[in-house]
Number of protein chains: 2
Amino acid sequence: MLRASVRADLPVLRTVDGHHAEVPFLLTADMFGGLPIEVAGGDISDKVGKPVAELHRHEVAELYLLVSPSPGGARIEVTVDGATIEASSPSVVHVPAGALHRFVTLEAEPGSCCFGILIAGPLH
Amino acid sequence: MLRASVRADLPVLRTVDGHHAEVPFLLTADMFGGLPIEVAGGDISDKVGKPVAELHRHEVAELYLLVSPSPGGARIEVTVDGATIEASSPSVVHVPAGALHRFVTLEAEPGSCCFGILIAGPLH
């Protein structure tokens, strides 16, 4: 019989280069026998106009997954290698591996979340 | 210069075996040049006592990522191969590949989400 397992000791707080505070991770690569992704972030309703990081880069691609209770309830501005784009919930923004990036929350109704999904692997 | 790209045509609705309605996907394996995961689901605040699927199984492992604005604001009951466990937000439940499973929402404050992350790859 296969069994479920649970991690309830979340978030895992980690220091990450370029970030102003410890970053809350919900999934890390060492969980459940090894994962191809890591997931950080969460609620952004208190982060309007307050970037959580300076411009920074890493060797893996990142996806920003932006969700909110109502469509359009959250908007973020993402800067990647000097170009800026805006995204409205629900949406996903792909930041290529190695790109200098950060996001700023423009609007976020209660319950809005932005998750950063870090993707391992050669394609990204 | 590396560029960001955005998918705003979300969710992608798909028919999935065992599910009562089309499943809303936020990430699919074909996006952004190929991904090692797929992500489905979202808000569960209207799903207390209403399972979105019958017991079903698939060849890849699944992680249920449960979040809510307040710690403990959402609870789900996950059944895996006949055993039932309960999880409270924030938490992640790992459902092994091939296991017969489903979840039911027990409690969910506004803004609570449960995402199903499907993991490709040999470890899972």
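Counting starts from 1 at the beginning of each chain's written sequence and moves along it residue by residue. Throughout, the order in which chains and ligands are written sets their labels, letters from A for the former and numbers from 1 for the latter. This being a predicted model, a pLDDT of at least 70 is required before a residue's local features are given, and a value of 80 or more before pairs of side-chain atoms are given or counted; all residues contribute to the totals for chains, interfaces and linings. Side-chain descriptors were evaluated using all non-hydrogen atoms of the structure, hydrogens and water having been removed beforehand.

The next thing to look at is the sheet that holds strand β9 (residues 101-108) of chain B. Residue and element names in this part refer to chain B. The strand order β7-β6-β9 describes an open sheet built from three strands, whose pairing is antiparallel. Strands with a single pairing partner mark the edges of an open sheet, and in this sheet they are β7 (83-88) and β9. Put simply, the sheet's adjacent strands are angled 20° from each other on average, direction ignored. A pair of strands counts as paired when DSSP detects no fewer than two bridges linking them. Comment: elements are numbered from the N terminus, with helices defined as DSSP H or I runs of at least four residues and strands as E runs of at least two. Helix axes are fitted to C-alpha atoms over the stretch in contact, other axes to C-alpha atoms as well, and angles between N-to-C directions run from 0 to 180 degrees.

The next subject is the packing of aromatic side chains. Residue and element names in this part refer to chain B. Two rings from Phe, Tyr or Trp (for Trp, the six-membered ring) form a pair when their centres sit within 6.5 Å of each other. Planes less than 30 degrees apart are called stacked, planes more than 60 degrees apart edge-to-face, and all others tilted. Tallied over the entire structure, the rule returns three aromatic pairs over all chains. Their ring planes at 65° and their centres at 5.0 Å tell us that Tyr 64 and Phe 103 sit as a pair that is edge-to-face. Placement of the pair is Tyr 64 in strand β5 (residues 61-67) and Phe 103 in strand β9, with a sequence separation of 39 residues. Taken as a pair, Tyr 64 and Phe 103 share a single burial class, namely buried. Relative accessibility under 20% of the residue-type maximum defines a buried residue, over 50% an exposed one, and the middle range a partly exposed one, all with a 1.4 Å probe and only protein chains included.

Per-residue confidence from the predictor is reported as pLDDT, a score between 0 and 100. For chain A, per-residue confidence averages 94 on the pLDDT scale, and 97% of positions sit at 70 or higher. Of the two predicted TM-score estimates for the complex, the pTM is 0.95 and the ipTM is 0.94.

All names here are of chain B. With respect to the secondary-structure elements, Thr 105 resides in strand β9. Thr 105 gets classed as buried once you look at its relative accessible area, which sits at 2%. Residues contacting Thr 105, with those up to four places away along its chain left out, are Ile 44, Lys 47, Val 48, Gly 49, Arg 75 and Ile 76. Any two residues whose heavy atoms approach within 4.5 Å at even a single point are treated as in contact.

The next point concerns the relation of the copies chain B and chain A. Two chain copies here: they are related by a rotation about an axis and a translation along the same axis. You can overlay chain B on chain A at an RMSD of 0.0 Å; the transform is a turn of 180° with a shift of 0.0 Å along its axis. Expressed as a symmetry operation, the mapping of one chain copy onto the other fits a two-fold axis. For chain B, the minimum C-alpha distance to the rotation axis belongs to B:Gly111 and amounts to 2.2 Å. A share of 100% of the interface residues of chain B reappears at the interface of chain A, consistent with the copies meeting face to face through the same patch. Superposition of the copies used a least-squares fit over C-alpha atoms from residues whose pLDDT is at least 70 in both.

This part covers the pairing of strand β4 (residues 37-43) of chain B. Residues and elements named next belong to chain B. By the criterion of burial, β4 is predominantly enclosed, with five of the seven residues buried. Judged from the seven bridges that link them, β4 and strand β10 (residues 113-119) form a sheet pairing that is antiparallel. Note that in β10 the partner of Gly 41 across the bridge is Phe 115.

Let us look at the interface of chain B and chain A. Across the contact, 44 residues belong to chain B and 44 residues belong to chain A. Contact between chain B and chain A buries roughly 3500 Å² in total, counting both sides, with carbon and sulfur atoms accounting for 75%. Its largest share of buried area at the contact with chain A, chain B owes to B:Leu2, B:Val92 and B:His94, together 15% of the area lost on that side. Should a side-chain nitrogen of Lys or Arg be within 4 Å of a carboxyl oxygen of Asp or Glu, the pair is scored as a salt bridge. For the pair chain B and chain A, the interface holds zero salt bridges. Two N or O atoms form a polar contact when they lie within 3.5 Å of each other; inside protein one atom must be a possible hydrogen donor and the other a possible acceptor, and for residues adjacent in sequence the pair counts only when both atoms belong to side chains. In this structure, the connection of chain B to chain A is made through six residue pairs in polar contact (both at pLDDT 80 or more). Mapped onto the side of chain B that touches chain A, the elements with two or more residues apiece are β1 (5-7), β3 (23-27), β4, β5, β7, β8 (91-95) and β10 of chain B. With four residues, β8(B) is the single largest residue contributor to the side of chain B that touches chain A. Of the residues assigned to the side of chain B that touches chain A, the class counts are 32 nonpolar, eight polar and four charged. With three bridges joining them, strand β1 (residues 5-7) of chain A and β8(B) adopt antiparallel strand pairing. By the bridge assignment, A:Val6 is partnered in β8(B) with B:Val93. Simply put, the buried area is the total loss of 1.4 Å probe accessible area from both parts when two parts are fitted together. Put simply, Ala, Val, Leu, Ile, Met, Phe, Trp, Tyr, Cys and Pro go in the nonpolar bin, Asp, Glu, Lys and Arg in the charged bin, and everything else, Gly too, in the polar bin.

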